[in-house]
Amino acid sequence: MAVSVQQIHPIAHLPLVLGVLRRLEVATVIDRLIPPHPAHGLSCGRGVDALVLAILDGQHALYKVGRRLEERGMVALLQPGLTRASLNDYRLGHILDALFAANLNAVLSAVALHALEVYAIPTPWLHQDTTTIALYGAYADEPQTPGAPRPAYGHSKDGRDDLKQVLLSLGVSGAGGVPLRLGVRDGNRSDSVETPMAIEECLALGLEGVRGIVADSKAYSRRTLGLCLEHTIDLVTLVPRTCAVRQELEAWARQQPALPLLVEKPGRTKDEAPRRWHGQSVRRRVEVEDSDGRVASEALRFVVVHSSQLAQQQTQTYAAAQVKEAEAVANHARHVHAQWFACRPDAEAAIAADQGQGQGHRGRHPRPWRYHAVRSAIVAATRRTRRPRRGRPAKMDPPPMESGYRLVIEVEALANPEEDNGWTVLATTIDAEVCPDVDILQAYQDQNTTVEPGFRWIKNPAAIAPVWLEKPERIAALAMLTVLGLLVYSVVQRQVRLYLRTHAQQLPGNKGMTATPTAAVVLALFAQVALVQLWIDEQEVTQLSGVSPHHLLVCDALGLDSSWYKVPSAQKNGRGIQTP
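Residues numbered from 1 in each chain as written. Predicted model: local features only at pLDDT ≥ 70, side-chain atom pairs only at ≥ 80, totals over all residues. Heavy atoms only, no water.

Draft legend 1. Structural context of the confidence of the model for the chain. With 91% of its residues at a pLDDT of at least 70, the chain reaches an overall mean of 85. Of the regions scoring below 50 in pLDDT, residues 567–580 engages in 33 contacts with residues more than four places distant in sequence or in other chains. (pLDDT = per-residue confidence, 0-100. Contact = heavy atoms within 4.5 Å.)

Draft legend 2. Just unusual backbone geometry, in detail. With phi around 55°, E25 is a residue other than glycine that occupies positive phi space. In this structure E25 comes out as partly exposed when scored by relative accessible area, which is 35%. Despite not being glycine, A120 shows a phi value in the positive range, around 50°. Note on placement: A120 falls in the loop between helix 7 (104–118) and strand 2 (125–135). Under the relative-accessibility criterion, A120 is labelled exposed at 59%. (Buried < 20%, exposed > 50% of the residue type's maximum accessible area, 1.4 Å probe, protein only. Helix = DSSP H or I, 4+ residues; strand = E, 2+ residues; numbered from the N terminus.)

Draft legend 3. Representation of the nonpolar core in the model. Among the nonpolar cores identified, the biggest contains 121 residues, and V48, L69, L99, Y220, F302 and L481 are the most heavily contacted of them. When residues of this core are assigned to their parent elements, the largest contribution, 18 residues, is made by helix 15 (residues 472–503). Core analysis: the second largest hydrophobic core is formed by 16 residues, V214, V303, L441 and A443 among them. (Core = buried A, V, L, I, M, F, W, Y, C linked by side-chain atoms within 4.5 Å.)

Draft legend 4. Representation of helix 4 (residues 62–71) within the structure. Here helix 4 has its buried residues at L62, V65, G66 and L69. Seen end-on, helix 4 carries its buried residues on one side only, within an arc spanning 85°. In the core, the buried residues of helix 4 are packed alongside helix 1 (14–23), helix 3 (44–56), helix 5 (75–78) and helix 6 (89–101). In the stretch just after helix 4, G73 is the one whose phi turns positive, near 75°. (Arc of directions from axis to C-beta.)

Draft legend 5. Here's a closer look at the sheet that holds strand 3 (residues 164–173). Across the sheet, nine strands lie side by side as 4-3-2-5-6-12-9-8-7; this open sheet has mixed pairing. The open sheet terminates on both sides in strands that have one partner only, identified here as strand 4 (179–185) and strand 7 (261–265). When strand polarity is set aside, the average angle formed by the axes of neighbouring strands in this sheet is 25°. Relative to strand 6 (residues 235–238), strand 5 (residues 212–215) runs parallel, the two sharing three bridges. For I213, the partnering residue across the bridge sits in strand 6 and is L235. Strand contacts of helix 8 (residues 191–203): strand 2, strand 3, strand 4, strand 5 and strand 6, with the helix running at about 145° to strand 4, the strand carrying the most contacts. (Pairing = 2+ DSSP bridges. Axes fitted to C-alpha atoms, helices over the stretch in contact; angles between N-to-C directions.)

Draft legend 6. Structural view of the pattern of salt bridges. Enumeration over the complete set of coordinates arrives at 27 salt bridges. Measuring nitrogen to oxygen at the nearest pair gives 2.8 Å for the salt bridge that ties R68 to D57. Of this pair, R68 sits in helix 4 while D57 sits in the loop between helix 3 and helix 4, and the two are eleven residues apart along the sequence. When its relative accessible area of 24% is taken as the criterion, R68 is described as partly exposed. The salt bridge involving R294 is made with D292; its shortest N-O contact spans 3.4 Å. Relative accessible area serves as the criterion here: at 58%, D292 is assigned to the exposed category. By sharing partners, the salt bridges in this structure join R181, R185, R189, E194 and E201 into a single network. (Salt bridge = Lys/Arg side-chain N within 4 Å of Asp/Glu carboxyl O.)

Draft legend 7. Focus on the pairing of strand 2. Within strand 2, eleven of the eleven residues are buried, leaving the element largely enclosed by the surrounding structure. Residues W125, H127, D129, T131, I133 and L135 line one face of strand 2 and the alternating positions L126, Q128, T130, T132 and A134 line the opposite face, and both faces are buried. Bridging between strand 2 and strand 3 involves ten bridges; their strand directions are antiparallel. Along strand 3, the bridge assignment pairs T130 with S169.

Draft legend 8. Spotlight on the packing of helix 2 (residues 26–33) against helix 3. Relative orientation of the contacting elements helix 2 and helix 3 amounts to 135°, with a least axis distance of 7 Å. Comparing the axis directions of helix 2 and helix 3 gives the class oblique. You can see that helix 2 and helix 3 cross each other, and the crossing is right-handed. Residues V26, A27, I30 and D31 of helix 2 lie in contact with helix 3, whose contacting residues are C44, G45, R46, V48 and D49. (Parallel < 35°, antiparallel > 145°, perpendicular 65-115°, else oblique. Left-handed = near helix turned anticlockwise from the far one by under 90°.)

Draft legend 9. Broad picture of helix 3. The terminal C-alpha atoms of helix 3, which comprises 13 residues, lie 18 Å apart, in line with the 18 Å expected from a rise of 1.5 Å per residue. The element helix 3 is extensively covered by neighbouring structure, given that twelve of its 13 residues are classed as buried. Along helix 3, the residues that are buried comprise C44, G45, G47, V48, D49, A50, L51, V52, L53, A54, I55 and L56. Phi turns positive, to about 90°, at G58, one or two residues after helix 3. (Expected span 1.5 Å × (residues − 1).)

Draft legend 10. Examining the packing of helix 6 against helix 15 more closely. Their axes nearest at 8 Å, the elements helix 6 and helix 15 cross at an angle of 85°. Taken as axis vectors, helix 6 and helix 15 run roughly perpendicular relative to one another. Judged by residue contacts, G93, H94, L96, D97, L99 and F100 of helix 6 engage E473, R474, A476, A477, L478, M480 and L481 from helix 15.

Draft legend 11. Examining the side chain of D129 more closely. Residue position: D129 is located in strand 2. By relative accessible area, which is 3% here, D129 ends up buried. The residues contacting D129, other than those within four sequence positions of it, are L168, S169, L170, D216, K218, Q447, V451, E452 and F455.

Draft legend 12. Broad picture of the environment of E117. Here E117 is to be found in helix 7. Residue E117 is classed as exposed on the basis of its relative accessible area, which comes to 62%. Sequence separation between E117 and A253 is 136 residues, and the spatial gap between their C-alpha atoms is 44 Å.

Draft legend 13. Region of the structure containing the packing of aromatic side chains. One pass over the structure, following the stated rule, counts two aromatic pairs. Each ring, one from Y318 and one from Y371, has its centre 4.8 Å from the other, and the planes form 80°; the classification is edge-to-face. Here Y318 is found in helix 11 (residues 308–337), whereas its partner Y371 is found in the loop between helix 12 (344–354) and strand 10 (372–384), with 53 residues between them in sequence. When its relative accessible area of 15% is taken as the criterion, Y371 is described as buried. Directly above the aromatic system of Y119 lies the positively charged group of R23, at a separation of 4.7 Å from the ring centroid. (Phe/Tyr/Trp six-rings, centres within 6.5 Å; stacked < 30°, edge-to-face > 60°. Lys NZ or Arg CZ within 6 Å of the ring centre and 35° of its normal.)

Draft legend 14. Region of interest: the side chain of N421. Its place among the elements puts N421 in the loop between strand 11 (401–413) and strand 12 (423–428). Only 3.1 Å separates the side chain of N421 from the side chain of T315, close enough to count as a polar contact. In contact with N421, other than residues within four places in its own chain, are H306, A311, Q314, T315 and N416. (Polar contact = N/O pair within 3.5 Å; in protein donor to acceptor, adjacent residues only side chain to side chain.)

Structure (structure tokens):
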């Protein structure tokens, strides 16, 4: 019996992802919004499936999609009779154009609402935040299509001020961080302008059982608060440190003998003390702006919270930053001591610049030291100078000297009072009778486990930025598809964790067995799975290798037919490939 290996396709986790896409009926929903043309061999829905597979495989470049999926053995699974040539960058680019024309937010929301229904995902809160997507290449100042984002220089949250960018606004569910809404805006768009529009789009979803919207400090503005009060929208947001009302409330809370205990959790280690959150609601009048631009004073509820864990973190951060700044102050002091001033006005100008009162660089105000008090003084001094004429001086001639001024610096490390650390002030439009302080605190803390991890995934490993797609419309469409990939990613993580907790089971993790794996860990479990095509005599046999019981457990957790990873031996006398 002659046995030969014809080809090996490392399919890994891609059949699992395709199974989730099929159960969510992503292609069906999109083809309903964008009806396929008879002349197109690849519909928009199937093209979106291919692009999401490529994104979750680490390849978002359009010209690499067909080759990559063929190497993975996924082309035939996508659509019967489909070939690699059908997944060319020209056709995929047209699919991106069609998605943008169909309204990207409407497309994503249709898929997301169906996902909530299929997997029965509750939405107690909607979490809103924004980030930036950096872009390579040259882009026109104005896009050709109305509503397309305009790449522009702005405040880069990636620290890439040398690149143009667009703004990505995202709204996710409180349970599992499933994306429900997105917006791709101009690169220099202000968060204070974007947040009210994002809130209105979140409400337009028409979800039932939503308690409110949670946002970061960028949502605390007169316009946003006025919009929420005017339309009776429940909002929870962080008050920025620069706001006078926060400073006043923190000072008030420090004078209180004790605040009520809201939450208590055990320490992360055996030696760590329990973590406690104390807080209390108060009402203060603040300025809000209505839809007509009128500014009025309204009573608003604030929740003042002190966290022992945050206080410890801030103390450690302050100490580390102070040590780092001490080195910079020492270098600065050596530089100042070496300066020499011929007249007192020059020395006074140097003191003004050293204390942050002089002219800054590039139009910015100089920033004095943050963790040290640096005081400068002018002292009269003399120093040796060169002789006025050449030749050897007489033995009795005194050395030539000149008078001038130097600066003397005194450095004092600023104390960090323990009572000033650990404070957080939340603003909300929800009455205390409807939502207690504990729920308000928990809703804001969930911001770090819902929308923030999604942004980290989009930055890396999804690596949507930086990109160059020639047209801003295609940039926005690719951002939507990346968010759609995040939706699949979030669903996989939530459902697997829920299944493991319900059935008291575990999966292999990075450090042993775990019942709370991330989606990255779950997908990495399938790395060794491969589709092997063998020739036994004159018959072709297709088999899967590397499948383990925990792979089938993941399929059960997602409600997928395990036949995706139970391919029976397919035998035939031709060179064709039979796929599951």
